[in-house]
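Listed below are the residues making up each chain.
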Amino acid sequence: MPGEILEEPFQYDMMVDEALRGVVRRALKQVAQHGLPGNHHFYITFKTRGEGVSIPPYLLEKYADEMTIVLQFQFWDLEIEEEFFSVALSFNDVRERLVIPLAAITGFADPSVKFGLQFQTLEDGELSDAEMLEVPNDETDDPMPEGEDDGAAMGQVVSLDTFRKKK
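The structure displayed is predicted, hence computed values, not measured ones.

Asker: A description of the pattern of salt bridges should follow, citing residues and the corresponding values.
Answerer: Any two side chains of opposite charge can pair if their charged atoms end up close together. With the rule as written, the count across this model stands at 4 salt bridges. A salt bridge links Lys47 to Asp65, with the shortest nitrogen-to-oxygen separation between them at 3.3 Å. With Lys47 in strand E1 (residues 42–47) and Asp65 in the loop between helix H2 (57–62) and strand E2 (66–71), the pair connects residues that are 18 residues apart, well separated along the chain. A salt bridge links Glu79 to Arg97, with the nearest nitrogen and oxygen atoms 3.7 Å apart. One end of the pair, Glu79, is in strand E3 (residues 75–80); the other, Arg97, is in strand E5 (residues 94–101), and 18 residues separate them in sequence.

Asker: An account of the nonpolar core is requested, with residue identities and associated values reported.
Answerer: Within the largest apolar cluster, 28 residues are counted, with the highest numbers of intra-cluster contacts made by Leu28, Ile44, Ile69, Leu71 and Phe85. Contributions of two or more residues to this core are made by helix H1 (12–34), E1, E2, E3, strand E4 (84–91), E5 and strand E6 (105–110). Filtering out sequence-adjacent residues up to four positions away, Ile44 remains in contact with Leu28, Met67, Thr68, Ile69, Leu71, Phe85, Ile105, Gly107 and Phe108.

Asker: Give me the lowdown on H1, citing residues and values where you can.
Answerer: Its 23 residues give H1 an end-to-end C-alpha distance of 33 Å, which sits within 8% of 33 Å, the value for a rise of 1.5 Å per residue. Of all the positions in H1, only Arg21, Gly22, Val24, Arg25, Ala27, Leu28 and Val31 are classed as buried. The elements touched by buried residues of H1 are E1, E2, E3, E4, E6 and strand E7 (115–118). Of the residues trailing H1, Gly35 is marked for its positive phi of about 80°.

Asker: Tell me about a nonpolar patch on the surface, and name the residues and values.
Answerer: A surface patch of nonpolar side chains, about 350 Å² in accessible area, is lined by Phe10, Tyr12 and Met15. Relative to the elements of secondary structure, Met15 occurs in helix H1. In this structure Met15 comes out as partly exposed when scored by relative accessible area, which is 40%.

Cut-offs and rules
- Residues numbered from 1 in each chain as written.
- Predicted model: local features only at pLDDT ≥ 70, side-chain atom pairs only at ≥ 80, totals over all residues.
- Heavy atoms only, no water.
- Salt bridge = Lys/Arg side-chain N within 4 Å of Asp/Glu carboxyl O.
- Helix = DSSP H or I, 4+ residues; strand = E, 2+ residues; numbered from the N terminus.
- Core = buried A, V, L, I, M, F, W, Y, C linked by side-chain atoms within 4.5 Å.
- Buried < 20%, exposed > 50% of the residue type's maximum accessible area, 1.4 Å probe, protein only.
- Contact = heavy atoms within 4.5 Å.
- Expected span 1.5 Å × (residues − 1).
- Patch = residues over 30% accessible without salt bridge, like charges linked within 9 Å, V, L, I, M, F, W, Y side chains within 5 Å.
- Areas by Shrake-Rupley, 256 points an atom, 1.4 Å probe, with all protein chains shown as cover.

Here you go:
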């Protein structure tokens with residue numbers, strides 16, 4: 001209803017993540033329908049223990065955390081659904097079917113056009129980007145004292161208010 005206050009703020013990080021995973025889904029769908037044109041090929045990295053991932057046990061043993069597959073010359077039966085895709089690939093001359101949820105993907109690249117995406121996947125107990133950015137107000141009210149770290153170290157949250165010009 002217009003004018004109604006939302007109980008939850010906009011979760012832009014989730015919206016962007018969903019939209020970018022849609023890019024991967026759409027690219028895979030085009031390949032499933034028309035094949036890979038020209039020199040295009042995809043590198044897809046995913047969490048092997050992600051929810052809904054289905055790969056043979058020997059691959060899970062070899063790639064206990066993450067695996068990268070290449071869709072270029074030898075792949076078969078590429079099928080795209082709303083939340084996952086499946087594909088048959090050859091490992092040591094044995095054709096294996098992999099099922100990979102889009103949510104398990106951590107990287108997607110098409111090197112032929114220098115295009116790539118990286119995704120964050122949430123492990124149990126991890127905080128989302130939105131949760132990590134939630135800083136109590138008392139930490140952002142005062143500008144940073146001079147001589148202290150500027151927040152450039154990885155993993156620190158820096159309030160943008162610190163860098164805005166005062167009016």
